[in-house]
2 protein chains.
Amino acid sequence: MRYLIKFSYDGTAYSGFQIQKGLDTIQERMELALTKINNGKYTSITATGRTDKGVHALCQYGHADIDVEINEKKLKRALNSNLPDDIHVIETKIVANDFHARYGVKSKTYRYIINVGEYNPLERNHVFQYNYKLDSNSMRNALEYFKGTHDFRAFVTDNKEKENCIRTIEEVSLEEYNDKIIITFTGDGFLRYQVRNMVGILIKVGENKLNYREISNIIASRDRTKAGKTAPAEGLYLIDVKY
Amino acid sequence: MRYLIKFSYDGTAYSGFQIQKGLDTIQERMELALTKINNGKYTSITATGRTDKGVHALCQYGHADIDVEINEKKLKRALNSNLPDDIHVIETKIVANDFHARYGVKSKTYRYIINVGEYNPLERNHVFQYNYKLDSNSMRNALEYFKGTHDFRAFVTDNKEKENCIRTIEEVSLEEYNDKIIITFTGDGFLRYQVRNMVGILIKVGENKLNYREISNIIASRDRTKAGKTAPAEGLYLIDVKY
């Protein structure tokens, strides 16, 4: 039986989602729990995509095939009792055997949170502690340029030469709340470090070191060296996935 | 010169504020940083009061006497560069030599946060993960009984027989926001575990295991055994202190 598993995690302690030998990863923790429930038979999970080291998820999905008969609620409970307290299964659902957690994705939403106020030790792993003022109006203007279908090559780290970097960003928003700048992107898919690289350039705009109108030139350049720094992992959350 | 230091901390990793031999405490971390800045001369800090193991502070104060000449901004910077990233100095201020960070306190405000929605791994150390519905209207009714001047003996853990347990709670509030119940108490002082014990009984009311009208009888009983469980540390924050 194929199950779709909705889960969340605090990425702080992990070397990202994807299994890597000798490193503690969210995928490995999920597969250990699944394998235990599946009577010791190695059980893989296929997620919507990887998240990088230190990145969080409030809503991530993966599918897994389990042989033992177990209902959806019991599977949730069994997984949670076999997972560490920084990974949590929210829901499980029986799906068709050809359902695919990655190929089936229609859109993903990522959120990035920046603290422009005083350093907050309680948020140090969950919000980028920038701790200086930023020009949020310019950032909002810059953000609009990312909307639509573009070749995002200038915002991709570790790009393989021939990879298709054309993606569509359907919605963007920038909200301010209690010394936080909250930037949200919804799109059909995101490339490696794309969100953190887009936020990196938005911060440069917010510092008034770059005019927001330059964003369209940087996108058009398709040149990673033009687009500046990668914003740190701790501010980034996968918050929604639509099938 | 006497300095008043405003600071915040994530209590998760510490055995509380107060120095205890062989344990990692916030006081010890602060004193190590102060002593280093004071050219190695042991420098103590006197805080508004202790917070227990796992309890957080967004606004804690302490005073310390430093011999070396250092201005307020430089002292802030020097302390922060000698503190771990889960303790943060927000501000320092030169005060009169007879200013006392504990005796001078007019009121303190504590906040307790309960998650009544789905378990959230990102908040596991910063919000009590109760994860079930609670009857917040009954809790709000119960909360009102704590207002005013009472002998809070029934809500004090490890009470020394002769300790004066009469305190005044000036303000209380219960707000609901995104599956969180946020309870705030402002008073002239709080006894050991008092806030967590008051929240413990409020949860019992919220579970409809106790009628809210019983609170006044429990206060009057002055009997710790009547007042039920202590709510866990991770939901509690010292959020304000007034001089």
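Computed from a predicted model, the values in this text were never measured in an experiment.

About the thresholds
- Residues numbered from 1 in each chain as written.
- Chains lettered and ligands numbered in written order.
- Predicted model: local features only at pLDDT ≥ 70, side-chain atom pairs only at ≥ 80, totals over all residues.
- Heavy atoms only, no water.
- Buried < 20%, exposed > 50% of the residue type's maximum accessible area, 1.4 Å probe, protein only.
- Helix = DSSP H or I, 4+ residues; strand = E, 2+ residues; numbered from the N terminus.
- Pairing = 2+ DSSP bridges.
- Contact = heavy atoms within 4.5 Å.
- Axes fitted to C-alpha atoms, helices over the stretch in contact; angles between N-to-C directions.
- Parallel < 35°, antiparallel > 145°, perpendicular 65-115°, else oblique.
- Left-handed = near helix turned anticlockwise from the far one by under 90°.

It is worth spelling out the pairing of strand β9 (residues 180–187) of chain B at this point. Residues and elements named next belong to chain B. Counting buried positions over the 8 residues of β9 gives 8, a clear majority of the element. Judged by which residues are buried, β9 turns out to be covered on both faces: K180, I182, T184 and T186 on one side and I181, I183, F185 and G187 on the other are all buried. As judged from the 8 bridges shared by strand β5 (residues 107–115) and β9, these two strands associate in the antiparallel manner. Residue pairing across strands places R111 opposite T184, the latter belonging to β9. Relative to β9, strand β8 (residues 166–177) runs antiparallel, the two sharing 8 bridges. Looking across to β9, one finds that S173 is bridged to T184. In sequence, β8 turns back onto β9 through a hairpin of 2 residues, with N178 there showing a positive phi of about 45°.

Turning our eyes to something else, we now look at the environment of A:G200. All names here are of chain A. On the secondary structure map, G200 appears in helix α4 (residues 194–206). Taking the C-alpha atoms as reference points, G200 and A13, 187 residues apart in sequence, are found 23 Å from one another. Here G200 is in contact with K229 and A231, once residues within four sequence places are set aside.

The subject of this paragraph is the packing of helix α1 (residues 26–37) of chain B against helix α2 (residues 72–81) of chain B. How two helices pack is summed up by the angle between their axes together with the distance between the axes. All names here are of chain B. For the pair α1 and α2, the least separation of the axes is 9 Å and the interaxial angle reads 125°. Put simply, α1 runs oblique to α2. For the pair α1 and α2, the crossing hand works out as right-handed. Here A33, L34 and I37 of α1 lie close against α2, whose contacting residues are L75, A78 and L79.

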